[in-house]
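Summary of structural features
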Amino acid sequence: NIMHDGNHMAYSNNKWMNTIAGACIELLGTSCVIYKRSHDFGHHGCVNHLELDRAFDTTFPLLRLHKGLPCLSYHKWQWLYGPILYSFVNFGDMFGQYDEIAWLSNYPVRRGFISIKALTSRTMVAILWIFLYFLLPMYIHGYTHMYTVWFLFMCVFGHSYLWFFAVNHWTTEAGMTDFMNISQTNWGALQVENSCNFGNGLWYWCLLSGGLNFQIEHHLFPGYIHTRLPEIKPIVEATCKEFGLKY
């Protein structure tokens, strides 16, 4: 909750508080700089867009999550093997950071320029993370004990992240888009129609998901802290009804 709000500059009115909150993601071995570029610009700017939302090309061909991708013979079984792959999501985030940098930098719409200073600091943090969370515990507790706990943590984190994201965007109710139709789509309408809410009447889902269960409101107002999203839900829902948008 803290990391997500911080990287959206929604955690506090103070810039440095937001920076510190957003940097919590570094504790998981990935980068707040890369996260803000790929998530804030790529995902939020063009949600469920085949070419610009990074979720689709990083999972294909193992998983087919967009109707615009080719359907291969084994994809009919992804409902079975998909949860197994979810266990390795955080490994991809941690070890795929430099591929992410290359992807972000090769298309103007992605606004992905990352400075040498940011790249250097990310490399230093990655080395420090490997030492503190992997090498040092392995030295103290031994390889067998350390690796079991570390692998379990990575798997649980991967599932907790993916299940919340999947129910918000990778459903049959969420819309999809690509270069063929995005030019005719209003940005606000895109956020509403390509996102899904869940469990809005249950307070604990907002707590556990960091407000991701109010995904439509979050995509329209990413600068709102997640605890305020329930307050604007009636207004957003009424406005969508007024303009004939699927909510």
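Our structure is the block above this text.
Figured I'd write up the structure that's included with this text. Quick caveat: nothing in here was measured; it's all calculated off a predicted structure.

**Digging into the side chain of N48**
Summarising the element assignment, N48 is placed in the loop between α3 (32-45) and α4 (78-86). A polar atom in the side chain of N48 sits 2.8 Å from the backbone oxygen of G175. What N48 contacts, discounting residues up to four positions off in sequence, is D53, F56, H66, H169, A174, G175, M176, T177 and N194.

**Section: the state of the cysteines**
Overall, the coordinates contain 0 disulfides when judged by the stated rule. Take C24: it sits in no disulfide, and the sulfur closest to it among the cysteines is that of C32, at 9.6 Å. You can call C24 partly exposed: its relative accessible area is 31%.

**Overview of the nonpolar core**
Across soluble globular proteins, nonpolar side chains have a tendency to be buried as a group. Core analysis: the largest hydrophobic core is formed by 13 residues, its most contacted members being F56, L65, Y86, L162 and W170. Top contributing element to this core by residue count: helix α8 (residues 143-169), with 3 residues. With 9 residues, the next largest nonpolar core counts V192, F214, L220 and L229 among its residues.

**A word on the side chain of H4**
Tracing the backbone shows H4 in helix α1 (residues 2-7). Taking the relative accessible area as the measure of exposure, H4 reaches 9% and is therefore buried. For H4, the side chain forms a polar contact with the side chain of H218, separated by 3.3 Å. Not counting chain neighbours up to four residues away, the residues in contact with H4 comprise Y35, H39, L212 and H218.

**Looking at the environment of G158**
The topology assignment puts G158 in helix α8. Distance in space between the C-alpha atoms of G158 and N90 is 5.3 Å, their sequence separation being 68 residues.

**A closer look at the packing of aromatic side chains**
Under the defined criterion, the tally for this structure stands at 15 aromatic pairs. Centroid distance W129 to Y133: 5.1 Å. Interplanar angle 15°. Geometry classified as stacked. Taken as a pair, W129 and Y133 lie in helix α7 (residues 116-141) at a separation of 4 residues, close to a single helical turn. Overall, W129 belongs to the buried group, its relative accessible area being 5%. Look at F221 and Y224: their rings are 5.7 Å apart centre to centre, the planes differ by 40°, and that puts the pair in the tilted class. A relative accessible area of 38% places F221 in the partly exposed class. Judged by relative accessible area, which is 38%, Y224 ranks as partly exposed. An aromatic cluster is defined as three or more aromatic residues linked by ring pairs; in this entry it consists of F88, W129, Y133, F134, Y143, Y147, W150 and F151.

**Considerations on α4**
When α4 is considered as a whole, its buried residues turn out to be Q78, G82 and Y86. The buried residues of α4 occupy one face: seen down the axis, they fall within an arc of 70°.

**Let's talk about the pattern of salt bridges**
This model, assessed by the stated rule, comprises 2 salt bridges. R228 is the partner of E231 in a salt bridge, and the nearest nitrogen-oxygen pair spans 2.9 Å. A salt bridge links E237 to K233, with the nearest nitrogen and oxygen atoms 3.5 Å apart. A residue pair is termed a helical-turn pair when its members lie 3 or 4 positions apart in one helix, as E237 and K233 do in helix α12 (residues 229-242) at 4 residues. E237 gets classed as partly exposed once you look at its relative accessible area, which sits at 36%.

**Quick look at the environment of P83**
Within the element layout of this structure, P83 appears in helix α4. Looking at P83, the relative accessible area reads 27%, which means it is partly exposed.

**Details of the layout of surface pockets**
Put simply, the second largest pocket is a space of about 390 Å³. Taken together, 16 residues line the second largest pocket, and the ones lying closest to its centre are R64, L65, Q78, W170 and T171. Broken down by secondary-structure element, the contributors of at least two residues to the lining of the second largest pocket are α4 and α8. The biggest single contributor to the lining of the second largest pocket is α4, with 5 residues. Residues that form the lining of the second largest pocket fall into these classes: 9 nonpolar, 5 polar and 2 charged.

Reading the values: the criteria
Throughout this document, residue positions are counted from 1 along each chain, in the order its sequence is written. In keeping with the model being predicted, local features are shown solely for residues with a pLDDT of at least 70 and side-chain atom pairs are shown and tallied solely at 80 or more, while totals for entire chains, interfaces and linings include all residues. Side-chain numbers here rest on the full set of heavy atoms in the structure, without hydrogens or water. Put simply, DSSP H or I for four residues or longer makes a helix, DSSP E for two residues or longer makes a strand, and each gets a number counted from the N terminus. Each polar contact in these results corresponds to two N or O atoms within 3.5 Å; when the atoms are within protein, one needs to be able to donate a hydrogen and the other to accept it, and residues that are neighboring in sequence are counted only if both atoms are side-chain atoms. Residues are treated as being in contact if the distance between any of their heavy atoms lies within 4.5 Å. Our working definition of a disulfide is a cysteine sulfur pair at a distance within 2.5 Å. Buried means the residue's accessible area, taken with a 1.4 Å probe over protein chains only, is under 20% of the maximum for its type, while exposed means over 50%, and partly exposed covers the values in between. Think of a nonpolar core as a cluster: buried Ala, Val, Leu, Ile, Met, Phe, Trp, Tyr and Cys residues, connected wherever their side-chain atoms sit within 4.5 Å. Between rings of Phe, Tyr and Trp, where Trp is taken as its six-membered ring, a pair exists when centres lie within 6.5 Å; planes separated by under 30 degrees are stacked, by over 60 edge-to-face, and by other angles tilted. It is the directions from the helix axis to the C-beta atoms that the arc portrays. Whenever Lys or Arg places a side-chain nitrogen within 4 Å of a carboxyl oxygen from Asp or Glu, that contact is recorded as a salt bridge. Lining residues are defined by having an atom within 4 Å of a point belonging to a cavity or pocket. Those points lie on a 1 Å grid over the protein atoms alone, cavities being sets where a 1.4 Å probe fits but cannot get out and pockets being open sets with protein on both sides within 12 Å along at least five of seven lines. Grid points are joined across faces, edges and corners, and a volume is the space filled by probe spheres set on the points. For this classification, the nonpolar set comprises Ala, Val, Leu, Ile, Met, Phe, Trp, Tyr, Cys and Pro, the charged set comprises Asp, Glu, Lys and Arg, and every other residue, Gly included, is treated as polar.

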